[in-house]
Amino acid sequence: MTARSSAIVRDDVAAGRTTASSTVDAAIARSREVNAGRDGLNVFAWTDDADARAQAATITKRLADTTAGPLLGVPVAVKDNIATLTMPTTCGSRILEGYVSPYEATVVTRLRAAGAIVFGKTNMDEFAMGSSTEHSAYGPTRNPVRPDRVPGGSSGGSAAAVASGIVSIALGSETGGSVRQPAAFCGIVGVKPTYGRVSRFGLVAFASSLDQVGVFGATVSDAARGLGVIAGHDPMDSTSATLEVPDYVAAEDVDVKGMVIGLPKEYFPASLDPAIRQRCDAAVERLRALGATIRDVSLPHTDLAIPVYYIVAPAEASSNLARFDGVRYGLRLDGDGLRGMYEATRSGGFGPEVTRRILLGTYVLSAGYYDAYYRKAQQVRTLIADDFRRVFESGVHVLFTPTAPTTAFPLGAISDPYEMYLSDIFTATANLAGVPAMSVPIGRVDGLPVGGQFLASHFDESRMFTAAFALERAMGAEAHA
Amino acid sequence: MAVTINDVRHIATLARLGLTDARAAAIVDELNIILGHMDALSRVDTAGVQEAIGVGAQGLPVRADSGPPFPLHRSIDSVAPSVREGFLLVPRLSTHESSEEA
Amino acid sequence: MSTSAITPLLEKWEMVVGLEVHVQLKTRTKAFCSCSAEYGASPNANTCPVCLALPGALPVLNERAVGLATRAALALNCDVQPVSIFARKNYFYPDLPKGYQISQFDKPLALGGWIEIGARAEGSPIRIGVTRVHMEEDAGKSVHDRFPGVTAIDLNRSGVPLIEIVSEPDMRSAEQAGAYLRVLKLILEYVDVSDVSMEEGSLRVDANVSARRRGETKLGTKTEVKNMNSFSGVERALEVEFVRQVGVLEAGGAVEQQTMLWDGHTGEVRPSRTKEASHDYRYFPEPDLPPLVLAIDWIAQVRHDLPELPAARRTRFVADYKLGEYDVDVLTSSPRLADYYESVARSHGDPKAAANWVMGEVLATLKTSGEDIARFRVRPADLASLLDLVRDGVVSHTAAKQIFGRMVATGNPPAQIAEREGLVKVDDDSQLAAWLDEVIAENPTEAERFRNGEKKLQGVLIGAVMKKSKGRADPKKLNQLLAARLTS
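I will try to describe carefully the structure that is included in this document. (Residues numbered from 1 in each chain as written. Chains lettered and ligands numbered in written order. Predicted model: local features only at pLDDT ≥ 70, side-chain atom pairs only at ≥ 80, totals over all residues.)

### Some thoughts on the interface of chain A and chain C
Phase 1: On the chain C side, the residues contacting the 35 residues of chain A number 26 residues.
Phase 2: Elements with a contribution of two residues or more to the side of chain A that touches chain C: α9 (305-320), α10 (337-349) and α11 (352-365) of chain A.
Phase 3: The greatest single-element share of the side of chain A that touches chain C, amounting to three residues, is contributed by α9(A).
Phase 4: A breakdown of the residues in the side of chain A that touches chain C according to their chemical character gives 19 nonpolar, ten polar and six charged. (Contact = placed C-beta atoms within 7 Å. Helix = DSSP H or I, 4+ residues; strand = E, 2+ residues; numbered from the N terminus. Nonpolar A, V, L, I, M, F, W, Y, C, P; charged D, E, K, R; others polar.)

Here's what the structure looks like:
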């Protein structure tokens, strides 16, 4: 069961057929029904029913004197690494235990301006480092489809909030696939916009050149509506693009006929799980039947994405996470003098995966290794971006690939860090190149959801949405079977 | 270039992370395994290839030299671990103690 | 440190110095956020999510900081780069909130400049290379003596814009280093990018110094000397460190590359506890800031808009006003003084008289009051009017000095003061004769001796008349009258 469509909720609230308070009550009731709490799915790092109801009450008042925003009365769950004023922002980390941000992220301001209700902070891998939402100070989140499975990560809590029907829209964040992979694992829609499309101001940085706020939707329409609200230039983010934001919902009305869809062969290796391949083939046939032109293409540097990603991202992270030093906010643990305080705080505050990546990142930037690792990785990153540029310049409009090499795996199944890193093998490329990408459900294997991924050229999210809308409509219930 | 225990001690110092001996030894192995996979990069010819810096950006935007300051909804006192008379407090440093001792 | 300790070493050893100068730019707000950059607010009052490094905050560059940095770089004859890149310098320190400083590393704002020092006395000028000028942000302040047992952190200064100006190791003595700093400071004052005050911390100097045997072309191992708080402190610290290094080398030892701290009270340097080898700043391009791209046209415009620099102004003062080198040096020692002088000279028309007055009365008055010339009560046009009155014989030189004193006190125009105080020169023969009669009557002995040929007593008698007339008597006429009266 999914939450009611954001479009319907918004129209009903605006027309007075229902109230924001009752949509909030429905979300609270659904949370209880699916056992979203700590001992159940563990969807949230923090919830505040009273705060959600208070927000809803102000919306009821606002109705009288303002034009209704595009998310009026729609509850939206927000990942715990996005700064909110009324609830803690802890990034799933002990080092930020109890930290309530003195300022608000631009995306949250925009959500509220659109009439949305910020409904809970969702659980995540600590500092977004992980692909399973098992690495959180609050414990693992479980996949609503099958609670013995992980929801994917790092935005697993947001994916679970949507997949369990608590909300129709949730914000996540992407650095290497942290929205698309959990969307695939949970059978919902997940969008990573073009780098620069959405403000990062207030998104706690993991790897600044890769991070982007993303949107989960129960449907393509929910995701398109959510992205439309948070996208657009923000003068507080120097990497924010000044481009106009198109109406993504309107992308549904564009015909997919004549669209050229590329299938990059590197994303369909011989080793690909045949069941996942079969689901992808079926989706491609749907698109072909709708009049899209299917073309085989190549992105030759794809297999280098994981090595590049796991140099660039930890390097930036090692620097971004230096501010967690026990001086101005968050955890402070005493030690011998200042040095001891630093080490006690950081060792006690960061979990093992974060510690590992900080050390890896520090190593690849350190004297004598910078050229071999960081500089080299940034050069290969250029080659990866060039692959995409070349394909899109050749007349291909969007690419289609599997989102992840596997379906949701059992909790605790992957203990080797590098094996976990390979979960991002089909998603990290989009972050490295900065292009937009999204995952849509394309059926199930052994009852577990499979995601198909669309990628487009920079700032061409609309075309990607058109393809996703068309595929969603064509597949109907098959997308969840 | 295999990572040694001394390397791990050095980077842990740079990153201000305290590691037990057992954890440090485990990190040596983990980093070597991870970096072993990174060796694929060394086989790529990147002669003349630009580094990816500021991908997609059209130069650096600037802001006018004027206020008002971006507001804090709560003062830093509300989140800081130790504050006195408006100052943030940390364990004592000697006057010229530099970053390396800190 | 006396020169006597260093002099005997100079025969065999040469000092090599390069300087790193940090200058705070004159902006209203910080480099990467819109907090006030002003000094003196209560602790942590001028802070926001960005300069506190709250999770999720991002930097946005101050346009004026770029403009001022570019102006400074062009004034130092640098090539301003069309593309420069901000980089993170990573290290932990409690007054560095992000755990990294936003700076520039391998692609700085400007490269390859120079300035000239020692223009005259030592013959041809010496050109000192400016390796680079880059932009960066300041850290906060650590206060160690405020509370017992703890260090107190104030982040008001955190994020204030700086430029770092790095010289080539082109200086060969402490005096040259001092001269470089004085010229550099003057240029930065002329282009008005900074308050350049070492006392207030808006200009800070670190020195790299090494010693080598004369004739050697390779550089010796250098040390970095820090913690100087005046230019003369820099000079003294360099000499002390040079003597120390030569001592080590002459004893057959090797200089250790390290940071030395200057203690101005004891006149000693001591090693900081920092191990040079453990510095590993892990610079990498700042991903939150795309490359800074400056249009060639814009750079050309900034160059075009540069004010006249000290060297050019000196040359022009010599050419236009026929002033001596000493006068020119004094008058161009600050842009505001030079502007003041030039206004007076232009309004009045006699550059030499203007120079004498500005260097004499004006500077003496300012020195006594400690006032800045920008706020000096006597405006250039009024001083020029006073000089006009002297030239035109309306007031005597002596009276003019009194009038000037009144101008300083009241700000009134000189003609009005002369009129009101009765200081207009008197050349009326009968009045002069009457004063002279009185003086002769009051000084019969002197008058007699003068009459008998003691010409030197003329001054005494004239002086007495000047005193009696309160400086109003026209001295020329008075001399004629005296001569006629007593020699006939």
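### Points about the sheet that holds strand β6 (residues 100-104) of chain C
Residue and element names in this part refer to chain C.
Phase 1: The antiparallel open sheet is built from three strands, whose spatial order is β6-β5-β16. Looking along the sheet, the strands with just one partner apiece sit at the ends: β6 and β16 (284-285).
Phase 2: With five bridges joining them, strand β5 (residues 86-90) and β6 adopt antiparallel strand pairing. Looking across to β6, one finds that phenylalanine 86 is bridged to glutamine 104. (Pairing = 2+ DSSP bridges.)

### A few points about the environment of Leu14(B)
Phase 1: Tracing the chain through its elements places Leu14(B) in helix α1 (residues 5-14).
Phase 2: The buried category is assigned to Leu14(B), around which 26 C-beta atoms lie within 10 Å.
Phase 3: For the pair Leu14(B) and Val3(B), spaced eleven residues apart in sequence, the C-alpha to C-alpha distance is 15 Å.
Phase 4: Sequence-distant contacts of Leu14(B), that is, excluding residues within four places in its chain, are made with Thr362(A), Ser366(A) and Asp280(C). (Buried ≥ 20, exposed ≤ 12 C-beta atoms within 10 Å, placed from the backbone.)

### Observations concerning the sheet that holds strand β4 (residues 169-174) of chain A
All names here are of chain A.
Phase 1: With respect to topology, eleven strands assemble into an open sheet ordered β1-β3-β2-β4-β6-β5-β10-β11-β9-β7-β8, the strand pairing being mixed. Each end of this open sheet is capped by a strand with a single partner; those strands are β1 (44-46) and β8 (293-297). The sheet shows a mean angle of 35° between the axes of neighbouring strands, direction not considered.
Phase 2: Relative to β4, strand β2 (residues 75-79) runs parallel, the two sharing three bridges. Counted as the bridge partner of alanine 77 is alanine 170 from β4.
Phase 3: Relative to the sheet, helix α7 (residues 220-230) contacts β4, β5 (189-192), β6 (212-217) and β10 (437-445), its axis offset from that of β6 by approximately 145°. (Axes fitted to C-alpha atoms, helices over the stretch in contact; angles between N-to-C directions.)

### Let's talk about the packing of α11(A) against helix α2 (residues 21-38) of chain B
Phase 1: The N-to-C vectors of α11(A) and α2(B) enclose an angle of 60°; their axes lie 11 Å apart at closest approach. Here α11(A) and α2(B) pass one another in a crossing that is right-handed. Contacts between α11(A) and α2(B) involve Arg356(A), Leu359(A), Leu360(A) and Tyr363(A) from the first element and Ile27(B), Glu30(B), Leu31(B) and Ile34(B) from the second.
Phase 2: For the contact of α11(A) with α2(B), a count of residues per class yields six nonpolar, no polar and two charged. (Left-handed = near helix turned anticlockwise from the far one by under 90°.)

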